[in-house]
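# Observations on the model geometry
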Amino acid sequence: MTDDLTDEHVDGDAVSLPESPLSERVEAILLIIDEPIGLVALAAAVGAPVPAVRQTIEALVEDYDGRGAGPRRGFELREVGGGWRLFVREDQDALVAAFVGGQAPARLSQAALETLAVIAYKQPVTRSQVASIRAVNVDSVVRTLLARGLITELFADSETGAINYGTTDALLQHLGINSLDELPPISPLLDDGADGFDEGVVR
């Protein structure tokens, strides 16, 4: 059997599957990121030249916006802070908010509570800063808190493109307080009174 009659190439014990289309690889990365990703980083992630990735991004933008053969999508691909990320279209915000708000409430995990506390006291704060304080990956926890409407994206750093997060009015309502100023002082809850929260603490 010749190579052109099979979708797999066997090299000893290793089996190498055909490489997927570049547009699929780019979309796969865009679906899992929490912060905008630059072209260079995206190109490295999908193993393709930057010009090819740039061309693919432009094609995806046109496709999602309905300027190609298909209809406009409920999401869009936008460049923010020097990087690219998928966003829900603005005219679908009310629909998404109603859906999220209508979900059955569930108790937050310990990891979610700890992450929420860091954001509440340290805001505005990036995901990587939260991860550094907690010494664990917080990607999925941040997504959960965003979905619950307890935190929100405040702004993107102009240099790095990193999203800064803060708490929402919904959290204040759940806590039964009127403002962040009513949060208890964090110092008595820490071993040395400052570690991890020495800057930007809500007082």
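Small disclaimer: the values here were computed from a predicted structure and weren't measured.

Criteria and thresholds
- Residues numbered from 1 in each chain as written.
- Predicted model: local features only at pLDDT ≥ 70, side-chain atom pairs only at ≥ 80, totals over all residues.
- Heavy atoms only, no water.
- Core = buried A, V, L, I, M, F, W, Y, C linked by side-chain atoms within 4.5 Å.
- Buried < 20%, exposed > 50% of the residue type's maximum accessible area, 1.4 Å probe, protein only.
- Helix = DSSP H or I, 4+ residues; strand = E, 2+ residues; numbered from the N terminus.
- Contact = heavy atoms within 4.5 Å.
- Phe/Tyr/Trp six-rings, centres within 6.5 Å; stacked < 30°, edge-to-face > 60°.
- Lys NZ or Arg CZ within 6 Å of the ring centre and 35° of its normal.
- 1 Å grid on protein atoms, 1.4 Å probe; cavity = no way out; pocket = protein on both sides within 12 Å on 5 of 7 lines; lining within 4 Å.
- Points joined across faces, edges and corners; volume = space filled by probe spheres on them.
- Nonpolar A, V, L, I, M, F, W, Y, C, P; charged D, E, K, R; others polar.
- Polar contact = N/O pair within 3.5 Å; in protein donor to acceptor, adjacent residues only side chain to side chain.
- Salt bridge = Lys/Arg side-chain N within 4 Å of Asp/Glu carboxyl O.

### Things to note about the nonpolar core
Formed by 19 residues in total, the largest nonpolar core has its most connected members in V26, L30, L42, V46, V53, I57 and L77. Every element with two or more residues in this core is listed here: α1 (22-32), α2 (39-46), α3 (50-64) and β4 (83-88). Counting residues per element, this core draws most heavily on α3, which supplies five residues. Beyond its immediate chain neighbours, meaning those up to four positions away, I57 contacts V26, L30, L39, L42, L77 and W84.

### Some thoughts on the packing of aromatic side chains
Overall, the coordinates contain one aromatic pair when judged by the stated rule. Directly above the aromatic system of F87 lies the positively charged group of R78, at a separation of 4.0 Å from the ring centroid.

### So, the layout of surface pockets
For the largest pocket, the calculated volume is near 1100 Å³. Considering the residues around the largest pocket, the lining is formed by 29 residues, among which R85, F87, V88, V96 and E153 are closest to the centre. Of all elements in the fold, only α1, β3 (75-80), β4, α4 (93-101), α7 (139-147) and β6 (151-156) reach the threshold of two or more residues within the lining of the largest pocket. A class-by-class count of the residues in the lining of the largest pocket yields 18 nonpolar, three polar and eight charged.

### As for the side chain of R25
By secondary structure assignment, the location of R25 is in helix α1. A polar atom in the side chain of R25 sits 2.6 Å from the backbone oxygen of S20. Among all residues touching R25, those that are not within four sequence positions of it are E19, S20, V46, G47 and A48.

### Here we look at the pattern of salt bridges
On inspection of all chains with the given rule, the structure shows 10 salt bridges. Here E153 ties to R85 by a salt bridge, and the two come within 2.6 Å at their closest N and O atoms. In this pair, E153 is assigned in strand β6 and R85 in strand β4, connecting sequence segments 68 residues apart. The class for E153 is partly exposed, based on a relative accessible area of 29%. Since its relative accessible area comes to 11%, R85 is described here as buried. R127 is the partner of D139 in a salt bridge, and the nearest nitrogen-oxygen pair spans 2.6 Å. On the criterion of sequence distance, the pair formed by D139 in helix α7 and R127 in helix α6 (residues 127-134) is long-range, its members being 12 residues apart. Through salt bridges with shared partners, a single network forms among D65, R67, E76, R78 and R89.

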